[in-house]
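Here is what each chain is made of, one letter per residue.
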Amino acid sequence: MLRNSISDRVSYLKLKTAGIEVILLENDLKNLAKPKQPTGGSSSGDGDGGGGSGACATKLHIRTFSDFKSKIRQLENKEKASSSSSSRKLECAEVPQSLRSDVKDAEVYYEPQVISFGPYHHGKPHLEEGETLKLKLAANYFREYELLEDEIYEKISRDIEALRKCYNPKSTKDYTNEELSVMLLVDGCALLWYILCVCLGDHEEYGIRYQDLSCIHQDTLLLENQLPYQLLHNLMMNIMTNDSWTSFL
């Protein structure tokens, strides 16, 4: 029960909870409710704290229309800066680092286990046998369709600058145009022939063990193990009249 009296300097609020009477001085309640004002002398510390809190709140919350317009301009500038730095999306992208850091042993899920395609994982020691397999597959691609390596290489080398831009520049900066062209020549021909020979069930002819097939299938689907569509399209145009590919497509 709250008792108020003009003559009393101190009024109190009486609360009863579980039979225990708690008396709170109304003056204390008012003091607690009042925001602390900066004062001189010994109270300067409290004043600074209150002022700092107010400044922080002003920065975090939009309080005026001017603040609103300022926030909108900041967002627009950030978007423009982001779009200009990545104006061309990579056709063959990498797994974001934020996803890698959240997954233990991320390389098991994001890196090829048997065979690599493209520059991201090219040349890694555990993929050495895969390089030998790719050469076998590419050689059969040329032999089956009676293609000349020189002609295919020339076509790829003419488009190498565009193909290079499909990947993160960090992954291709150490490769000359010739080296990157040869890499994509082998990888592209090997992938196409692998698709065809697996669909026809001839994997044993190339020394591919049945137990490795699932790993290779998985490798060909990995985000960081992709080849540019332009490369594969041009390679397929060389053999579109072949009965095997026509029936496959």
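Calculation rules
- Residues numbered from 1 in each chain as written.
- Predicted model: local features only at pLDDT ≥ 70, side-chain atom pairs only at ≥ 80, totals over all residues.
- Heavy atoms only, no water.
- Helix = DSSP H or I, 4+ residues; strand = E, 2+ residues; numbered from the N terminus.
- Buried < 20%, exposed > 50% of the residue type's maximum accessible area, 1.4 Å probe, protein only.
- Contact = heavy atoms within 4.5 Å.
- Areas by Shrake-Rupley, 256 points an atom, 1.4 Å probe, with all protein chains shown as cover.
- pLDDT = per-residue confidence, 0-100.
- Patch = residues over 30% accessible without salt bridge, like charges linked within 9 Å, V, L, I, M, F, W, Y side chains within 5 Å.
- Salt bridge = Lys/Arg side-chain N within 4 Å of Asp/Glu carboxyl O.
- Phe/Tyr/Trp six-rings, centres within 6.5 Å; stacked < 30°, edge-to-face > 60°.
- Lys NZ or Arg CZ within 6 Å of the ring centre and 35° of its normal.
- Polar contact = N/O pair within 3.5 Å; in protein donor to acceptor, adjacent residues only side chain to side chain.
- Disulfide = S-S within 2.5 Å.
- Core = buried A, V, L, I, M, F, W, Y, C linked by side-chain atoms within 4.5 Å.

### Some words on the overall build of the chain
(1) Moving on: Helices and strands together make up the secondary structure of the chain, namely 13 helices and three strands.
(2) Moving on: Here the chain holds 249 residues, and the buried ones make up 30% of them.
(3) Moving on: Contacts in the chain between residues at least 24 apart in sequence constitute 58% of all its contacts with a sequence separation of at least 6.
(4) Moving on: For the chain, the accessible surface area stands at approximately 16,900 Å², while carbon and sulfur atoms represent 54% of it.

### Regarding the confidence of the model for the chain
Residues shown with low pLDDT carry predicted positions that ought not to be read at fine detail.
(1) Moving on: Mean pLDDT over the chain stands at 75; residues scoring 70 or higher make up 68%.
(2) Moving on: Within the chain, the element-level pLDDT minimum falls on strand 1 (residues 2–3), averaging 44, and the maximum on helix 8 (residues 160–164), averaging 96.
(3) Moving on: Per-residue pLDDT stays below 50 along residues 1–25; that stretch engages in 32 contacts with residues further than four places along the chain or on separate chains.
(4) Moving on: With pLDDT under 50 throughout, residues 40–58 is counted as low confidence; its partners more than four residues away or in other chains account for six contacts.

### Describing a nonpolar patch on the surface
(1) Moving on: On the surface, a cluster of nonpolar side chains totalling about 320 Å² of accessible area is made up of Ile62, Phe65 and Phe68.
(2) Moving on: Following the sequence through the fold, phenylalanine 65 ends up in helix 3 (residues 65–85).
(3) Moving on: Overall, phenylalanine 65 belongs to the exposed group, its relative accessible area being 57%.

### A short note on the packing of aromatic side chains
(1) Moving on: Using the criterion set out here, one finds three aromatic pairs in the structure.
(2) Moving on: With a centroid separation of 5.4 Å and 75 degrees between ring planes, the pair formed by tyrosine 120 and tyrosine 167 is classed as edge-to-face. Residue tyrosine 120 is found in the loop between helix 5 (107–110) and helix 6 (128–145), and its partner tyrosine 167 is found in the loop between helix 8 and helix 9 (169–172); the two are separated by 47 residues along the sequence. Each of the two residues, tyrosine 120 as well as tyrosine 167, counts as buried.
(3) Moving on: The side chain of lysine 134 reaches across the aromatic face of phenylalanine 117, ending 5.9 Å from its centre.

### Overview of the environment of lysine 173
(1) Moving on: With respect to the helices and strands, lysine 173 occurs in the loop between helix 9 and helix 10 (177–199).
(2) Moving on: Of the polar contacts made by the side chain of lysine 173, one reaches the side chain of aspartate 174; its length is 3.4 Å.

### Here's the deal with the pattern of salt bridges
(1) Moving on: Across all of its chains, the model carries five salt bridges by this definition.
(2) Moving on: Between lysine 173 and aspartate 174 there is a salt bridge, and its shortest N-O distance comes to 3.4 Å.
(3) Moving on: Exposure remark for lysine 173: the relative accessible area of 59% places this residue in the exposed category.
(4) Moving on: The exposure class assigned to aspartate 174 is exposed, which follows from its relative accessible area of 59%.
(5) Moving on: Three or more residues are tied together by salt bridges with common partners; here these are Glu131, Lys134 and Asp187.

### Considering the state of the cysteines
(1) Moving on: Taken as a whole and assessed by the stated rule, the structure comprises zero disulfides.
(2) Moving on: Not part of a disulfide, cysteine 92 finds its nearest cysteine sulfur in cysteine 166, a span of 5.4 Å.

### Quick look at the nonpolar core
(1) Moving on: If you look at the biggest cluster of nonpolar residues, it comprises 40 residues, and the most contacted ones within it are Leu137, Tyr141, Leu184, Trp193, Leu227 and Leu235.
(2) Moving on: Of all the secondary-structure elements, those providing two or more residues to this core are helix 6, helix 7 (149–158), helix 8, helix 10, helix 11 (210–221) and helix 12 (229–237).
(3) Moving on: For this core, the element with the most residues is helix 10, which contributes 13 residues.
(4) Moving on: Beyond its immediate sequence surroundings of up to four residues, leucine 137 is in contact with Ala190, Trp193, Tyr194, Cys197 and Tyr206.

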